[in-house]
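Residue-level structural notes
Here is how the chains run, residue by residue.
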Amino acid sequence: MLLDVKYIFNRKGVYYFRIAVPIAQRRKFKRREFWRSLKTRSENEAAVKAAALMTHYRNLFSETDIADIERPSFDELSKVSDRLGIKYQPAFEVELALVRDSISMMAGHLKMLNIIKSPDHAEVAALGGVATKPAMTVSQALERYINLHSDELHSGNKRESDKKWMKYREAVSNFIEEIGDLDVLDISATVARDYKLKLSKRFKAATKKEGKITPATANKKFMWLKVVVKEALQEVAPERAHLNPFDGLKFKTQDGKRDTFTEAEVVQLRRKIQGSKANDELKCIALLGELTGATCKEIAFLTADDIYLDAPIPYISIQPNALRQKAKAQSRVRDIPLLPAAVKALKKYPKGFPRYNHDTGPEAFSAMVNKLIRTITPDKSFYSYRHLMADRLRNSGCNDTLKNSIMGHSSAGMTMRYGAGYDLENKLDALQKAIPDEATHNSNSV
């Protein structure tokens, strides 16, 4: 191995290592150069030892890169310690150790202070062990949550599971990007409010497609974060599980309402969708969504056994079937009566919707129908039909338990099982009162 004459010198047969301190770092180290005896007369051994020392000193001369120097994380300070060539030791661990052990734990730190005369803030924090080892970071909490709950969703459908967890991953990723991958125990109410403030600044980016976010989307991010952090706290600090920092954290949406359609928008959308070049199955599903409040997946996954057009009161049944192995929740299993326009449209598809009755069908439907919807109202989607139906029922005087029976929402003190709850006559009467002008739209139906 060849010697690097810039760094290795032979003095009376013994090799030494020498490296100059960069000019910008001389005030920090209070010296111009470092000399170290390599304690060998062998050229090859001297070269090996010199290479290791060169790496060590170059690391010492490196600049610290920490995003938030006021709130450095355990991982960031561990990296600083690695750069200095010492093991990171949280202060409380040193404090709790026996005196003899604590001296051994801090020996390298004291030696480093003899080398670095004026350490920067990050090096002081690393040498002082200001950050404790996280009980569980946000990213670790997410992966643990997914691992614990993956088998509960979608009956093994990987695509649906990936889509489900993407909401959680995006929420956690956004938090880490804005705040950092903090220990869940370090996410205080103040930290959560700081995150809310950062998100609120993105509402104003109205002319910027990249980075723009709506209050409703931000609220969903809070919701997914709250769920992940809640379970992590229950595991690592059950006594603090009720102190979730994301509790009550939300933005007001426009006029304090959800993203529901107005009645004027409904008329425009019916005309737009039914008059478009979209396929007839899409038009039928869209109409059913408007007149039943069912989701696109609930409608797309209907089979012949779920459609009762010849019954005294025509209806559809949302229940587990070959396409829908497991209902989203027991409360979502229900029968929904069909108004005349819905019956007329569904007669074309008495066995369901072959174009959309597969794993990716509802996703494809949503992409196509939402593109049409956004030509009329840019910030809303097909799911807004569901909010519309809830508002229509409520505004018509329908009581909450009957409304929930139609929508598939749970009611306090009432279990909404299949075959239980309100009968079809009551539900049909409620729908007719909620949509009194439904018949006027028949000419625009598929």
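Summary of the structure given here. (Residues numbered from 1 in each chain as written. Predicted model: local features only at pLDDT ≥ 70, side-chain atom pairs only at ≥ 80, totals over all residues. Heavy atoms only, no water.)

With that settled, consider the overall build of the protein. A tally of regular secondary structure across the protein gives 18 helices and six strands. Within the protein, the fraction of its 446 residues that count as buried is 46%. Sequence separation of at least 24 residues holds for 65% of the intrachain contacts in the protein that already meet a minimum separation of 6. Carbon and sulfur atoms provide 52% of the accessible area of the protein, an area that totals close to 24400 Å². (Helix = DSSP H or I, 4+ residues; strand = E, 2+ residues; numbered from the N terminus. Buried < 20%, exposed > 50% of the residue type's maximum accessible area, 1.4 Å probe, protein only. Contact = heavy atoms within 4.5 Å. Areas by Shrake-Rupley, 256 points an atom, 1.4 Å probe, with all protein chains shown as cover.)

A few words on a positive patch on the surface. On the surface, a cluster of positive charge is made up of Arg 27, Lys 30, Arg 31 and Lys 117. With respect to the helices, strands and loops of the structure, Arg 31 is situated in the loop between α1 (26-29) and β3 (33-37). Of the residues examined, Arg 31 reaches a relative accessible area of 36% and is grouped as partly exposed. (Patch = residues over 30% accessible without salt bridge, like charges linked within 9 Å, V, L, I, M, F, W, Y side chains within 5 Å. Salt bridge = Lys/Arg side-chain N within 4 Å of Asp/Glu carboxyl O. Lys, Arg positive; Asp, Glu negative; His and termini not counted. Charge placed at Lys NZ, Arg CZ, Asp CG, Glu CD.)

Turning next to the packing of helix α9 (residues 189-200) against helix α10 (residues 215-236). Running from amino to carboxyl end, α9 crosses α10 at an angle of 155°, the nearest separation of the two axes being 11 Å. The pairing of α9 with α10 is recorded here as roughly antiparallel in orientation. Crossing handedness for the pair α9 and α10: right-handed. Across from Tyr 195, Lys 196 and Leu 199 in α9, the residues of α10 making contact are Ala 218, Lys 221, Phe 222 and Leu 225. (Axes fitted to C-alpha atoms, helices over the stretch in contact; angles between N-to-C directions. Parallel < 35°, antiparallel > 145°, perpendicular 65-115°, else oblique. Left-handed = near helix turned anticlockwise from the far one by under 90°.)

We now examine helix α18 (residues 424-434). For an α-helix, 3.6 residues make a turn, and residues three or four places apart therefore share a direction. Three or more residues of α18 are buried, namely Leu 424, Lys 427, Leu 428, Ala 430, Leu 431 and Ala 434. Down the axis of α18, the buried side of the element spans an arc of 160°, and every buried residue falls inside it. (Arc of directions from axis to C-beta.)

Our focus in this paragraph is the pattern of salt bridges. With the rule as written, the count across this model stands at 14 salt bridges. One salt bridge in this structure joins Glu 235 and Arg 144, with 2.6 Å as the shortest N-O distance. Taken together, the residues Glu 235 in helix α10 and Arg 144 in helix α7 (residues 138-149) connect sequence positions 91 residues apart. What makes Arg 144 partly exposed here is its relative accessible area of 36%. Lys 226 serves as the salt-bridge partner of Asp 247, at 3.0 Å between the closest nitrogen and oxygen. With Asp 247 in the loop between α10 and α11 (263-274) and Lys 226 in helix α10, this pair connects stretches of sequence that are 21 residues apart. Looking at Asp 247, the relative accessible area reads 39%, which means it is partly exposed. Of the residues examined, Lys 226 reaches a relative accessible area of 33% and is grouped as partly exposed. A cluster of three or more residues bridged by salt bridges with shared partners is formed by Lys 28, Arg 83, Asp 120 and Glu 123.

With that settled, consider the packing of aromatic side chains. Applying the stated criterion to the full structure yields 22 aromatic pairs. Ring plane angle 80° and centroid distance 6.0 Å describe the contact between Phe 175 and Phe 246, whose orientation is recorded as edge-to-face. Of this pair, Phe 175 sits in helix α8 (residues 158-178) while Phe 246 is found in the loop between α10 and α11, placing the two residues 71 residues apart along the sequence. Overall, the relative accessible area of 0% leaves Phe 175 in the buried class. A centroid spacing of 5.2 Å and a plane angle of 90° characterise the contact between Phe 365 and Phe 382, whose relative ring orientation is edge-to-face. You can see Phe 365 sitting in helix α15 (residues 361-373) and its partner Phe 382 sitting in the loop between α15 and α16 (384-395), a full 17 residues away along the chain. Feature note: the residues Tyr 7, Phe 17, Phe 29, Phe 34, Tyr 57 and Phe 61 constitute an aromatic cluster, connected by ring pairs. (Phe/Tyr/Trp six-rings, centres within 6.5 Å; stacked < 30°, edge-to-face > 60°.)

This brings us to unusual backbone geometry. Across the chain, the bulk of peptide bonds are trans and the bulk of non-glycine residues have phi less than zero. The backbone of Lys 12 shows a phi angle near 55°, a positive value even though the residue is not glycine. Turning to its location among the elements, Lys 12 is positioned in the loop between β1 (8-11) and β2 (14-20). On the accessibility criterion, Lys 12 (83% relative accessible area) is exposed. Backbone geometry places Lys 39, a non-glycine residue, at a positive phi of 55°. Topologically, Lys 39 is positioned in the loop between β3 and α2 (43-61). Residue classification places Lys 39 among the exposed positions, given a relative accessible area of 72%.

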